[in-house]
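For reference, the chains in residue letters:
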Number of protein chains: 2
Amino acid sequence: MSVTVVGSVAFDSLETPFGKRERVLGGAATHFSLAASFFTDVSVVGVVGEDFGEDELAVFAARGINVDDLERVSGARSFHWSGRYEDDMTVAHTLDTQLNVFADFDPQLSGRAAAASTLFLANIQPDLQRRVRRQCRDATLVGLDSMNFWIESARDSLVETMREVDVVTLNDAELRMLTGEPNLARGARDLRDLGPRVALVKQGPYGACMFTEEGYFSIPAYPLETVIDPTGAGDSFAGGCFGYLDSLAEPDMSDNAFRAAAVYGSVLASFAVEDFGTERVQRLTDEEVAARFAEFKRMMTFDEPVRA
Amino acid sequence: MSVTVVGSVAFDSLETPFGKRERVLGGAATHFSLAASFFTDVSVVGVVGEDFGEDELAVFAARGINVDDLERVSGARSFHWSGRYEDDMTVAHTLDTQLNVFADFDPQLSGRAAAASTLFLANIQPDLQRRVRRQCRDATLVGLDSMNFWIESARDSLVETMREVDVVTLNDAELRMLTGEPNLARGARDLRDLGPRVALVKQGPYGACMFTEEGYFSIPAYPLETVIDPTGAGDSFAGGCFGYLDSLAEPDMSDNAFRAAAVYGSVLASFAVEDFGTERVQRLTDEEVAARFAEFKRMMTFDEPVRA
């Protein structure tokens, strides 16, 4: 069993109330693959420039992530995003986006990457997502993320791609934009009517929620007193979620499997935001993951005392 | 065992995407007492004008709520709030507030109301809240709600009153305003440092969360596809919560009792918003409350499948 993720591998320049960082390792596929690597084998499909060196590759190697499908383009520079967060850390203001090598990205997957049992299409142009999806013929579980930019500029292609996946992860603002529906439950229903059997709605500091055929599941956010950098929280959430699902002894598409997966997603997201870029997840241990999963369970559990 | 609630009993004129209603029964103490009446005996302390008639009193009578402490002032009019909600139903825009009889409200509680085991100080001027709190000497559980207006205009008095209560319920924006802390967990800690042992933070469509000495508990919102009128959701939440706690066979200040209480609060809030004003809760049954409580439990439960 293994997960393949396609998406951005990038440098991020970040400004939060806790400080500034220039050109730290980032990108959706980076955050996803680091999180998923706590559960299963991961192949990352992406493109980088000459500025992407041994230090960055070592971060993937340390987590055993396969980078054979991470193309390196000579004489070009990696994708670079610059963003700033206000005090409440909920909204990222993009200061600058340099696509660089990403502008001509059109991956041809290696046999190993194409043979994955689980595929995650991180936030990239939806035509590209669909082309990758069709290369992974054996994937029994396929997830997709997107963003406001593609919803506005490539809606038809995005909807076509959504028809070919099992799970869509969007945040609540993106879900409203996609469906035109202000109500969350109706929006999730509209999204599932497009094809995906599972709608995983990310709600930033409020956690996430999941709509399936069987019902609704609410996943809290971990009540961190210090959030250093929210960048990559959603990708880490997806990484924990799909990595966990891929790790199950038997493929399990049950509601209960998705519930536990979403909690693992929230666990990984909660660590990701504790430091800049990938720094916290790089030093994360299996024991910390297990301990925080147990804490999530305690945060959600209650029994009813005896009434008069 | 019984609950006394002090707060507004009023008429509301409401405008939501689902329509307009003029002068429907409203007010914090109204919504609270109707919700609490599903669990225990309730006395409501408030003031109304001559425009408050038999139709309105019948709503309280139908739920067995004691209105001996609901003062009726001749030649005067009841408190009247007019508000409007946008499509997403999260923010109430106040169009008009007429205090009327409420401007000179200074209740002297009857023996019965003063003898309550549980007291809830709904959102009124904090000096008044404190005076009522001191009249209820036997109350073993005291809760308080407030709003941005009092946090800005009577902060010192509000903080003094908070020292004398067990539980404070605020929404997240109010918590940020009170503590000056954008982070939820830190804000809740700062609030608990003022005296209350429990911070219950209402998060509108995202549900609520609770901070106690023992830890953190997250309460989902019910995923309603149609929210008709959010007015009174927070008061219904508090009514369900404190009504349930008062109904326990033995006074129970345990973390687990508060957790179940908060879920009952969310159950009552979820019904309250299904129709204008008090209409939905007026026709609510015990069976519906029990069924939705069970649904909440299902929305929060998961087991971990076997991993490879």
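Treat the numbers as computed from the prediction; the structure is a model and nothing was measured.

K.L.:
Got a minute to help me understand the pattern of salt bridges in this structure?
P.N.:
Oppositely charged side chains can pair when the atoms bearing their charge come close. Residue and element names in this part refer to chain B. The final tally for this structure, using the stated rule, is 32 salt bridges over all chains. Across the pair Arg192 and Glu213 runs a salt bridge, and its minimum N-O distance is 3.4 Å. Of this pair, Arg192 sits in helix α8 (residues 184-193) while Glu213 sits in the loop between β12 (208-211) and β13 (216-219), and the two are 21 residues apart along the sequence.

K.L.:
In this structure, what is going on with the interface of chain B and chain A? I would like to understand it.
P.N.:
Contacts between the two partners involve 47 residues from chain B and, on the opposite side, 47 residues from chain A. Surface buried jointly by chain B and chain A totals about 4100 Å² across both partners, of which 52% is contributed by carbon and sulfur atoms. The interface formed by chain B and chain A contains four salt bridges. With its nearest N and O atoms 3.8 Å apart, the salt bridge here joins Lys297 of chain B to Asp303 of chain A. Here chain B and chain A share 30 residue pairs in polar contact (both at pLDDT 80 or more) between them. Secondary structure elements with two or more residues in the side of chain B that touches chain A: α8, β13, α10 (255-272) and α12 (286-299) of chain B.

K.L.:
Looking at this structure, I do not really get the sheet that holds strand β6 (residues 79-85) of chain A. What am I missing?
P.N.:
Adjacent strands of a sheet pair through backbone hydrogen bonds, lying either parallel or antiparallel. Residue and element names in this part refer to chain A. The four strands are arranged β3-β2-β6-β7 in an open sheet whose pairing can be described as mixed. Both edges of this open sheet fall to β3 (19-26) and β7 (92-98), since each of them pairs with a single strand only. For this sheet the average axis-to-axis angle between neighbouring strands, irrespective of direction, equals 15 degrees. Bridging between strand β2 (residues 10-16) and β6 involves six bridges; their strand directions are parallel. When the sheet's bridge partners are listed, Ala10 is paired in β6 with Phe79.

K.L.:
Is there a simple way to think about the confidence of the model for chain A in this case?
P.N.:
The predicted coordinates should not be examined in detail at positions where pLDDT is low. Taken residue by residue, chain A gives an average pLDDT of 96. The fraction at 70 or more is 100%. Predicted complex, confidence summary: ipTM 0.92, pTM 0.95.

K.L.:
Explain the packing of helix α10 (residues 255-272) of chain A against helix α12 (residues 286-299) of chain A here, please?
P.N.:
When two helices pack together, their arrangement is given by the angle between the helix axes and the distance between those axes. Residue and element names in this part refer to chain A. Relative to each other, α10 and α12 sit at 115 degrees, their axes nearing to 9 Å. When the axes of α10 and α12 are compared, the crossing they make is right-handed. Each of Ala260, Val263, Tyr264, Ser266, Val267, Leu268, Ser270 and Phe271 in α10 lies in contact with α12, whose residues at this interface are Glu288, Val289, Arg292, Phe293 and Phe296. A class-by-class count of the residues in the contact of α10 with α12 yields nine nonpolar, two polar and two charged.

K.L.:
Explanation requested: the packing of helix α4 (residues 126-135) of chain B against helix α6 (residues 155-162) of chain B in the structure shown.
P.N.:
Residue and element names in this part refer to chain B. Contact pair α4 / α6: the axes reach a minimum separation of 8 Å and the direction vectors enclose 25 degrees. The orientation of α4 with respect to α6, classified from their angle, is roughly parallel. The element α4 and its partner α6 pack so that their crossing is left-handed. Facing Pro126, Asp127, Gln129, Arg130 and Arg134 of α4, the residues of α6 in contact are Ser157, Leu158, Glu160 and Thr161.

K.L.:
Is there a simple way to think about the relation of the copies chain B and chain A in this case?
P.N.:
One copy of the chain maps onto the other through a rotation about an axis followed by a shift along the same axis. The operation relating chain B to chain A is a screw motion whose rotation component is 180 degrees, with 0.0 Å of axial translation and a residual RMSD of 0.0 Å. On this basis, the relationship between the two copies can be described by a two-fold rotation axis. When the interface residues of chain B are mapped onto chain A, 100% of them again lie at the interface, so the same face is used by both copies.

K.L.:
What is the right way to look at the pairing of β12 of chain B in this model?
P.N.:
Strand residues, when the strand is regular, have side chains that alternate between the two faces of the sheet. All names here are of chain B. Side chains of β12 alternate between two faces, with Ala208 and Met210 and Cys209 and Phe211 buried alike. As paired strands, strand β11 (residues 198-202) and β12 are joined by four bridges and run antiparallel to one another. Opposite Val201, over in β12, you have Cys209 as the bridge partner. Between β11 and β12, which pair antiparallel one after the other, the connecting turn spans five residues, and Gly204 there sits at a positive phi close to 55 degrees. Hairpin connection of β12 to β13: four residues between the antiparallel strands, including Gly215 at a positive phi of 150 degrees.

How each quantity is defined
- Residues numbered from 1 in each chain as written.
- Chains lettered and ligands numbered in written order.
- Predicted model: local features only at pLDDT ≥ 70, side-chain atom pairs only at ≥ 80, totals over all residues.
- Heavy atoms only, no water.
- Salt bridge = Lys/Arg side-chain N within 4 Å of Asp/Glu carboxyl O.
- Helix = DSSP H or I, 4+ residues; strand = E, 2+ residues; numbered from the N terminus.
- Contact = heavy atoms within 4.5 Å.
- Buried area = accessible area lost by both parts, 1.4 Å probe.
- Polar contact = N/O pair within 3.5 Å; in protein donor to acceptor, adjacent residues only side chain to side chain.
- Pairing = 2+ DSSP bridges.
- Axes fitted to C-alpha atoms, helices over the stretch in contact; angles between N-to-C directions.
- pLDDT = per-residue confidence, 0-100.
- Left-handed = near helix turned anticlockwise from the far one by under 90°.
- Nonpolar A, V, L, I, M, F, W, Y, C, P; charged D, E, K, R; others polar.
- Parallel < 35°, antiparallel > 145°, perpendicular 65-115°, else oblique.
- Least-squares fit on C-alpha atoms with pLDDT ≥ 70 in both.
- Buried < 20%, exposed > 50% of the residue type's maximum accessible area, 1.4 Å probe, protein only.

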